[in-house]
Amino acid sequence: MGEKRRRVGFVGCPPEDVLKAQGVAELVDLDNVIEGARPRGESLLPRTTCRIIRRILDNALSVELDEIIVDEGYGKCDAARGLAELLEDLLDVPVIRTQNDNRQSAGTPISDSALPLLRKVELILDGFVNPQEVELTAQPKPRAAMWGVPAADFSIYEPFPDGTQVLGWTRCLENRTPAEWELEMYVPVGVPTVFFAQTFCPKNVVAQHLARRHDGLHVDVDGVLSQPVRAKIEAFLRFKRVWD
Amino acid sequence: MAILGDFGTTWTKLLDTDTGERRVIATRDAAAHGQRADIATGHNARRRAPRHVNELIALAQGGQRLIEEPELLVLDVGSRDVKYIHLRDGELLGMDWTATCGALTGFTLELLGNYYGIDYAAVEPSTKSVPVTCGVLGMEQLFELVSEGVPVEEAVARFARGIAMNAYRFIGEPKQFCLSGGMCENRLFHRSFPEEVEVRLLGRYVLVEGLIPELTEDGRATK
């Protein structure tokens, strides 16, 4: 009988060396959807908590973990820092606090590829736990762009044309530089861009501002994508002549 | 050649492009009778037609067909939500759609009218307003006024003014705009916007009108 493999949950984008130091441990990305996780943290968080922080807590309370690594650096938010405190008090597992200030670019080939937007986000998010070898063709002239953090409901990515460029924190995530503000603020000139953040996320301040600056569309979604938000994205892409 | 339908939350607007006949039926009856269309828009459209056009696009296209001026700002106040589109020479200047802050405002106004037996054409607008963040909260305020002895007509007029002012702020307080939807037929409501603002009434078929550009050149609907 072999020794049981350690299971390590992580939040945000911890430094590569911290994750590598886990050796053969099974890594669990607590920001992502975990089948079978139940909404156990509902009563433990204020109503004005974003959907991803809620998901992290639900996941952490649903999955048996040996350790949790939290990126609580500049690339994450106050809510994640607070959540680390909460997890430490609630669970009988060590919570390791880290900060990822990496500036060494890993590149953004997925963000700049010709793949459908939804596939791009899936690949970027799976990149930590299940990195996949995918043949990528660059899309040098994207017809649209999507700025922001990964959404809780992936159907938000459906109305976009293939090759839509990934911008914002999701791009930083692929680049493994989650705290690189300059990269996060990068928006190409003249590309119709939708600026997205989770409802209640402080990133909405900059998302709305950038949308004004770049003549884009700002949307925020709390969990499931609503019909009005989907309609706004579709109308924006249509009236910006993305499909012409 | 085609039946075009705007299947709203409470009312369904239909246009037969062959005969030109237009009619409004209750959405509950449309559902009960299995009413279908070739192209549809609206809250309940997806189950009623093989092809669906989103409401903001239908609103924009309808506005473009009904207004000759290069700039158009059309506000649609529906039963459950409020939306607008602002275009100049076909370029998008702004748009929004709220189903939360403006929730159920149109529906609640209709409900109150039926409940109190109010003829909205005979009620004068009020200069005061009830804070109507949504239909339900607004109604609570209205009942409070009635219990304090404010005449029902005046309380409802304040409620209508609250909805109108919310919608007016939502579209950025312009000097003039076009109103779309069933509220065009509610005289109290469309007179409850600020007096100096020019409100042009487009009627309740704007979204249906906006489906016409989706037909082929020979007037057929494609899937």
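Residues numbered from 1 in each chain as written. Chains lettered and ligands numbered in written order. Predicted model: local features only at pLDDT ≥ 70, side-chain atom pairs only at ≥ 80, totals over all residues.

Participant: What am I meant to see in the environment of B:Thr108 here?
Facilitator: By the secondary structure assignment, B:Thr108 is in helix α3 (residues 105-116). Residue classification places B:Thr108 among the buried residues on the basis of 22 C-beta atoms within 10 Å. (Helix = DSSP H or I, 4+ residues; strand = E, 2+ residues; numbered from the N terminus. Buried ≥ 20, exposed ≤ 12 C-beta atoms within 10 Å, placed from the backbone.)

Participant: I tried to follow the pairing of strand β3 (residues 67-71) of chain A on my own but got confused; where do I start?
Facilitator: Side chains on a regular strand alternate between the two faces of the sheet. All names here are of chain A. Burial analysis of β3 places 4 of its 5 residues in the buried class, which makes it a mostly covered element. Relative to β3, strand β1 (residues 7-11) runs parallel, the two being bridged by 4 bridges. Counterpart to Phe10 in the pairing with β3 is Ile69. Handedness of the crossover joining β3 and strand β4 (residues 95-98) through helix α3 (residues 78-90) is recorded here as right-handed. (Pairing = 2+ DSSP bridges. Right-handed = clockwise from strand over helix to strand, strands pointing away.)

Participant: What is the right way to read the interface of chain B and chain A from this model?
Facilitator: How big an interface is tends to be stated in terms of the accessible area lost upon association of its parts. With 11 residues of chain B at the interface, the matching set in chain A holds 10 residues. The set of elements that each furnish at least two residues to the side of chain B that touches chain A consists of α2 (55-66) and β8 (91-98) of chain B. In the side of chain B that touches chain A, the residues fall into 7 nonpolar, 2 polar and 2 charged. (Contact = placed C-beta atoms within 7 Å. Nonpolar A, V, L, I, M, F, W, Y, C, P; charged D, E, K, R; others polar.)

Participant: Help me out: how do you make sense of the sheet that holds strand β7 (residues 193-198) of chain A in this one?
Facilitator: Backbone-to-backbone hydrogen bonds join strands into a sheet, with any given pair of strands oriented parallel or antiparallel. Residue and element names in this part refer to chain A. Strands sit in the order β6-β5-β7-β8 across an open sheet of 4 strands; the sheet is parallel. The open sheet has two edge strands, β6 (165-167) and β8 (217-221), and neither has a second partner. With strand direction ignored, the average angle separating the axes of adjacent strands in the sheet is 25°. Pairing analysis gives 5 bridges linking β7 to β8, with the strands arranged parallel. When the sheet's bridge partners are listed, Phe196 is paired in β8 with Val219. (Axes fitted to C-alpha atoms, helices over the stretch in contact; angles between N-to-C directions.)

Participant: Hey, could you run me through the sheet that holds β3(A) in this one?
Facilitator: All names here are of chain A. Across the sheet, which stays open at both edges, the 4 strands sit in the order β2-β1-β3-β4 with parallel pairing between neighbours. Of all the strands in the sheet, the pair left with one neighbour each is β2 (26-29) and β4. When strand polarity is set aside, the average angle formed by the axes of neighbouring strands in this sheet is 25°. Across the sheet, α3 touches β1, β3 and β4, and the angle it forms with β4 is around 160°.

Participant: Help me understand the packing of helix α2 (residues 51-62) of chain A against α3(A), please; the structure alone is not making it clear to me.
Facilitator: Axis angle and axis distance: for two packed helices, these are the angle between their axes and the distance between the axes, and together they describe the pair. All names here are of chain A. It is at 11 Å that the axes of α2 and α3 come closest, and there the two elements cross at 20°. Classified by the interaxial angle, the pair formed by α2 and α3 is roughly parallel. Of the two possible hands of crossing, α2 and α3 adopt the one that is right-handed. Note on element contacts: α3 touches α2 through Ala79, Ala80, Leu83 and Leu87, opposite Ile53, Ile56, Leu57 and Ala60. Here the residues of the contact of α2 with α3 are counted per class, giving 8 nonpolar, no polar and no charged. (Parallel < 35°, antiparallel > 145°, perpendicular 65-115°, else oblique. Left-handed = near helix turned anticlockwise from the far one by under 90°.)

Participant: What exactly am I supposed to notice about the domain arrangement of chain A here?
Facilitator: Residues and elements named next belong to chain A. Partitioning chain A into domains gives domain 1 (7-98) and domain 2 (117-239). On a C-alpha basis, the centroid separation for the pair domain 1 and domain 2 is 23 Å. The interface is formed by 17 residues belonging to domain 1 together with 16 residues belonging to domain 2. Sorting the residues of the side of domain 1 that touches domain 2 by element identifies β2 and α2 as the ones contributing at least two each. Top element by residues in the side of domain 1 that touches domain 2 is α2. It accounts for 3 residues. The residue makeup of the side of domain 1 that touches domain 2, split by class, is 6 nonpolar, 6 polar and 5 charged. (Domains from an automatic or database assignment.)

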